[in-house]
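Reading the structure
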Amino acid sequence: MDTAAQHPDPSFPHFHPRPAKGWINGPNGLSYTDGRFHVFFQYNPHSARQQRICWGHLSSPDLVRWDEEPVALRPQPGGPDALGCWSGVVAHDDGVPTAMYSGVDTEGSLARVVLARADAELRSWTQEGHVAAEIPPDPQVTAVRDPFIFYFQSRRFALQGAGLSSGHAAVLLYSADDLRQWTYEGIWFSTEDHLAARHLPAEIWECPQLVRVPDSSGAETWLLMASLWLAADHSHPNGVGYLLGSLAPNSAGLPVFTPAAGGKADLGPAFYAPQILALEDRALLWGWSGEQEDREGHPGRSPEEIDDAGWAGVLTFPRQLSVHGGVLAVEPAPELRAYRGARLHRGAAGTLAVPAEAEIRVSGGEGTLRLVLNSAGQRRTVFADAVAGGDELRIFLDASIVEVYRHGSVPTTLRAYRGPGEDWQLELPQGAAADVWELRQPGRTEGPPVQ
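For clarity, every value in this text was computed on a predicted model and none was experimentally measured.

What follows is about unusual backbone geometry. A positive phi angle, close to 50°, is found at Asp34, a residue other than glycine. For Asp34, a relative accessible area of 68% translates into the label exposed. Not every positive phi belongs to a glycine, and Ala376 is a case in point at roughly 50°.

In structure tokens:
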């Protein structure tokens, strides 16, 4: 991605891959085939506004070195996706890679599930406008979007996020034995469930995910995750929630989800619309981090600043999911260690200067850790949290995106834009130690390590 690597905007991330220009939001169609990871995403290549959404495409052999691929899907004039190719997934239909995504053809209409086919390398796509699932014939369903495919007891099923006339958010269930013609099975799960109402409060569940995740107890644990949409506030104040539970068949062979615990998938204000790639031995997640003022009032870029910059939106680093002690644990994918360049600091210190592209590992200490932007003594706190002796944090800085991972817990994702003269500083509590590495692209010569 040479064009992005040379980007003149100091707020443009160089290690979170994305095209050099245009709007992006949620990841789609996550796939691993023939030794390559494929990440599609909501994309407007023509401006930094959320309009005429296509599917952009990145691929990588190792989650570190990324290639920008041709645009995969585009709105088709007169087709069921004339106003955008929105969120969806990729699955194989008798060996043929097939995208299933929300298509909208007129303003204010509900989304239908549209299919498109690809070649084996997922680089050449055919869009025939085939509709696999029409708007559900259910008067209770007032909004529907974002299909997701899962497999249970050798059968293929599909979910869609929904809103109901009762005000509840919900997931709809389909049988999808034939990918070209889904069978609507009804409202599957909703905020009528007390755990769902507690952990996934919303009017519409967007981007629903249902995957098995590795559980250290050996149990077969399923993760239901959804982005929490509210009509009154498009800064997504409720973020992304999850439930952990079990699946069992009912008398008709359809899956029934029983939740046991839940929480937030990310504790920060700049994380939404994630998608999960469930592999045989691991589950990886990517999310979207936007540019605008976030739900906690942290300053972002104005629409005018975004237009001037010519780009908007970042995908998070890939995150690896697991369950320990009945709690979701989210860690940076191990492959990200390949970004470590020269070690700039090792050991204890009160306040450290850190570069704008860095990985920081903090351990030990008692008190409050702070990550601040400082200019001539004027400090702006970007992240602060209490740490105790056994805590371990990993912090990634990449220009304007900050990802903080706490071992055994879930991350915090933030955006921060350096002003004139501002530099990053890390303030460590008493007794804490930190390792700081500069980030570098693999293959680039690094300086001598700190001894």
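With that out of the way, let us pick up the environment of Val89. Looking at the element boundaries, Val89 is found in strand S5 (residues 85–93). By relative accessible area, Val89 is classed as buried at 6%. When the C-alpha positions of Val89 and Met100 are compared, they lie 5.5 Å apart, and in sequence the two are 11 residues distant. If near-sequence neighbours (up to four positions away) are discounted, Val89 is found in contact with Gly29, Trp55, Thr98, Ala99, Met100, Pro147, Phe148, Ile149 and Gln275.

Backbone-to-backbone hydrogen bonds join strands into a sheet, with any given pair of strands oriented parallel or antiparallel. Sheet architecture is open: four strands sit in the order S9-S10-S11-S12, paired in antiparallel fashion. The outermost strands of the open sheet, each flanked by one partner alone, are strand S9 (141–152) and strand S12 (183–190). Neighbour-to-neighbour, the strand axes of this sheet turn through a mean angle of 25°, independent of strand direction. Of the strand pairs in this sheet, S9 and strand S10 (residues 155–164) are connected by nine bridges, and their pairing is antiparallel. Looking at S10, one finds that Ile149 is bridged to Ala158.

Moving on, we get to empty space enclosed by the protein. In the structure shown here, the tally under the stated rule is two cavities of 30 Å³ or more. For the largest cavity, the calculated volume is near 90 Å³. Lining the largest cavity are 14 residues; nearest its centre among them are Pro17, Trp66, Trp286, Thr316 and Pro318. Here the residues of the lining of the largest cavity are counted per class, giving 12 nonpolar, two polar and no charged. One number sums up the size of the second largest cavity: a volume of about 50 Å³. For the second largest cavity, the lining is made up of 14 residues, of which Ser87, Pro147, Cys207, Gln209 and Gln275 are closest to its centre. Breaking the lining of the second largest cavity down by element, the ones donating at least two residues are strand S1 (22–33), S5, S9, strand S13 (204–213) and strand S17 (272–278).

With that settled, the discussion passes to the pairing of strand S18 (residues 283–289). Summarising burial for S18: seven of the seven residues are buried, a large majority. Here S18 shows no split at all, with Ala283, Leu285, Gly287 and Ser289 on one side and Leu284, Trp286 and Trp288 on the other all buried. Here S17 hands over to S18 after four residues, the two strands then running antiparallel side by side. Here three bridges tie S18 to strand S21 (residues 319–324), and the two strands are oriented antiparallel to one another. The partner of Leu285 across the bridge, within S21, is Arg319. With two bridges connecting them, S18 and strand S20 (residues 314–315) associate as antiparallel partners. Counted as the bridge partner of Trp288 is Leu315 from S20.

The subject of this paragraph is the sheet that holds strand S26 (residues 367–375). Here we have four strands laid out as an open sheet, ordered S24-S31-S26-S27, and antiparallel in their pairing. Each having just a single partner strand, strand S24 (351–354) and strand S27 (378–387) make up the two edges of the open sheet. Here the average twist between neighbouring strands, direction ignored, is 25°. When S24 meets strand S31 (residues 423–427), the two strands line up antiparallel, connected through four bridges. Pairing of Thr351 across the sheet is with Glu427, part of S31.

Here we take up the side chain of Asn28. Within the secondary structure, Asn28 sits in strand S1. Overall, Asn28 belongs to the buried group, its relative accessible area being 0%. A distance of 2.7 Å separates polar atoms of two side chains, one belonging to Asn28 and the other to Gln42. Side-chain polar atoms of Asn28 contact the side chain of Trp55, separated by 3.4 Å. What Asn28 contacts, discounting residues up to four positions off in sequence, is Val39, Phe40, Phe41, Gln42, Trp55, Trp86, Ser87, Gly88 and Gln275.

The full count for this structure, using the stated rule, is 23 salt bridges. A salt bridge links Glu206 to Arg145; the shortest N-O distance between them is 2.7 Å. Of this pair, Glu206 sits in strand S13 while Arg145 sits in strand S9, and the two are 61 residues apart along the sequence. Overall, the relative accessible area of 11% leaves Glu206 in the buried class. Between Asp177 and Arg155 there is a salt bridge, with the nearest N and O atoms lying 2.9 Å from each other. Placement of Asp177 in the loop between strand S11 (169–175) and S12 and of Arg155 in strand S10 is noted, with a sequence separation of 22 residues between them. For Asp177, a relative accessible area of 47% gives the class partly exposed.

Each value, and the rule that gives it
Residues numbered from 1 in each chain as written. Predicted model: local features only at pLDDT ≥ 70, side-chain atom pairs only at ≥ 80, totals over all residues. Heavy atoms only, no water. Buried < 20%, exposed > 50% of the residue type's maximum accessible area, 1.4 Å probe, protein only. Helix = DSSP H or I, 4+ residues; strand = E, 2+ residues; numbered from the N terminus. Contact = heavy atoms within 4.5 Å. Pairing = 2+ DSSP bridges. Axes fitted to C-alpha atoms, helices over the stretch in contact; angles between N-to-C directions. 1 Å grid on protein atoms, 1.4 Å probe; cavity = no way out; pocket = protein on both sides within 12 Å on 5 of 7 lines; lining within 4 Å. Points joined across faces, edges and corners; volume = space filled by probe spheres on them. Nonpolar A, V, L, I, M, F, W, Y, C, P; charged D, E, K, R; others polar. Polar contact = N/O pair within 3.5 Å; in protein donor to acceptor, adjacent residues only side chain to side chain. Salt bridge = Lys/Arg side-chain N within 4 Å of Asp/Glu carboxyl O.

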